[in-house]
Amino acid sequence: MDAFESCLRNGRLNRVEPDSEKIGKEILTAISELGRARACYADGNYEECVVQSYFASNRVFRVLLNQAGFRDTNLYSLAAGVDRLLVQTGRVEKPLLDILKLAKDQKDLVQEGARCGRKETRLILGGAEEVMEVARDMLSLGEIPEL
């Protein structure tokens, strides 16, 4: 049994009706988080940039999963759902999911007091920006506001 099926069986992924009102609110929050991440990067505050980029990416992936009719309970089930429903169907490129996992690891290290380098921070921020563009296209959001 693969991770997706296991998550369904264990209740880590649940089928839901897509909630367009919640999706809209979550996208607005993700846009705000992405804006904070960009500002932190410009200011050289790489640690906060990583944290905000992670939250923005995580939120957007959760929105896309909800749009596909599922709700996750943790990062493992989110990754399993995104992989099955979006990566394997060619709607999202696998490196974006890998960047989400990297961002989670870096966020956890930051919370333990670690510092972040510019190159890795830019990769994580770039991943968050790219996930937002994917969502824009998949959800027909039009232009994401300039941040």
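Model, not experiment: these values are computed from the prediction. (Residues numbered from 1 in each chain as written. Predicted model: local features only at pLDDT ≥ 70, side-chain atom pairs only at ≥ 80, totals over all residues. Heavy atoms only, no water.)

Undergrad: Can you help me understand the nonpolar core in this one?
TA: For soluble globular proteins, the rule of thumb is that nonpolar side chains tend to be buried together. Counting residues in each nonpolar core, the largest one holds 45 residues, and the members touching the most others are I27, V60, F61, L64, V82, V92 and L139. Looking at which element gives the most residues to this core, the answer is helix 3 (residues 46-67), with eleven residues. Beyond its immediate sequence surroundings of up to four residues, L139 is in contact with I23, I27, V63, L64 and Q67. (Core = buried A, V, L, I, M, F, W, Y, C linked by side-chain atoms within 4.5 Å. Buried < 20%, exposed > 50% of the residue type's maximum accessible area, 1.4 Å probe, protein only. Helix = DSSP H or I, 4+ residues; strand = E, 2+ residues; numbered from the N terminus. Contact = heavy atoms within 4.5 Å.)

Undergrad: Before we go on, may I ask you to explain the packing of helix 2 (residues 20-43) against helix 3 in this structure?
TA: In a packed pair of helices, the relevant descriptors are the angle between the two axes and the axis-to-axis distance. Put simply, helix 2 and helix 3 touch, their axes get as near as 8 Å, and they point 160° apart. When the axes of helix 2 and helix 3 are compared, the pair comes out roughly antiparallel. Helix 2 and helix 3 meet at a crossing whose hand is left-handed. Side by side, helix 2 and helix 3 meet where I23, E26, I27, T29, A30, E33, L34, R36, A37, C40 and Y41 of the first sit next to Y46, E48, C49, Q52, S53, F55, A56, R59, V60, V63, N66 and Q67 of the second. Of the residues belonging to the contact of helix 2 with helix 3, the class tally is 13 nonpolar, five polar and five charged. (Axes fitted to C-alpha atoms, helices over the stretch in contact; angles between N-to-C directions. Parallel < 35°, antiparallel > 145°, perpendicular 65-115°, else oblique. Left-handed = near helix turned anticlockwise from the far one by under 90°. Nonpolar A, V, L, I, M, F, W, Y, C, P; charged D, E, K, R; others polar.)

Undergrad: Any chance you could explain the packing of aromatic side chains here in plain terms?
TA: For any pair of aromatic rings, the description rests on two quantities: the centre-to-centre distance and the angle between the ring planes. Considering all chains together, one arrives at three aromatic pairs under this definition. For the pair F4 and F70, a centre-to-centre distance of 5.6 Å together with 70° between the ring planes defines the contact as edge-to-face. Highlighted residues: F4 in helix 1 (residues 3-10) and F70 in strand 2 (residues 70-72), separated in sequence by 66 residues. For F4, a relative accessible area of 6% corresponds to the buried category. Under the relative-accessibility criterion, F70 is labelled buried at 6%. Where Y41 meets Y46, the ring centres are 5.4 Å apart and the plane angle is 40°; that geometry is what we call tilted. Neither Y41 nor Y46 differs from the other in exposure class; each is buried. The residue whose ring lies beneath R122 is Y41, and the NZ or CZ to ring-centre distance is 5.6 Å. (Phe/Tyr/Trp six-rings, centres within 6.5 Å; stacked < 30°, edge-to-face > 60°. Lys NZ or Arg CZ within 6 Å of the ring centre and 35° of its normal.)

Undergrad: Hey, could you run me through the side chain of Q52 in this one?
TA: Of note, Q52 is situated in helix 3. A polar atom in the side chain of Q52 sits 2.9 Å from the side chain of E48. What Q52 contacts, discounting residues up to four positions off in sequence, is E33, R36 and A37. (Polar contact = N/O pair within 3.5 Å; in protein donor to acceptor, adjacent residues only side chain to side chain.)

Undergrad: Honestly, the environment of R36 in this entry has me stumped. Any pointers?
TA: Position of R36 relative to the elements: it lies in helix 2. A residue is classified by how much of its surface remains accessible, and R36, at 39% relative accessible area, is partly exposed. Sequence separation between R36 and A56 is 20 residues; the distance between their C-alpha atoms is 9.7 Å. Here Q52 takes part through its side chain, which lies 3.1 Å from a polar atom of the side chain of R36.

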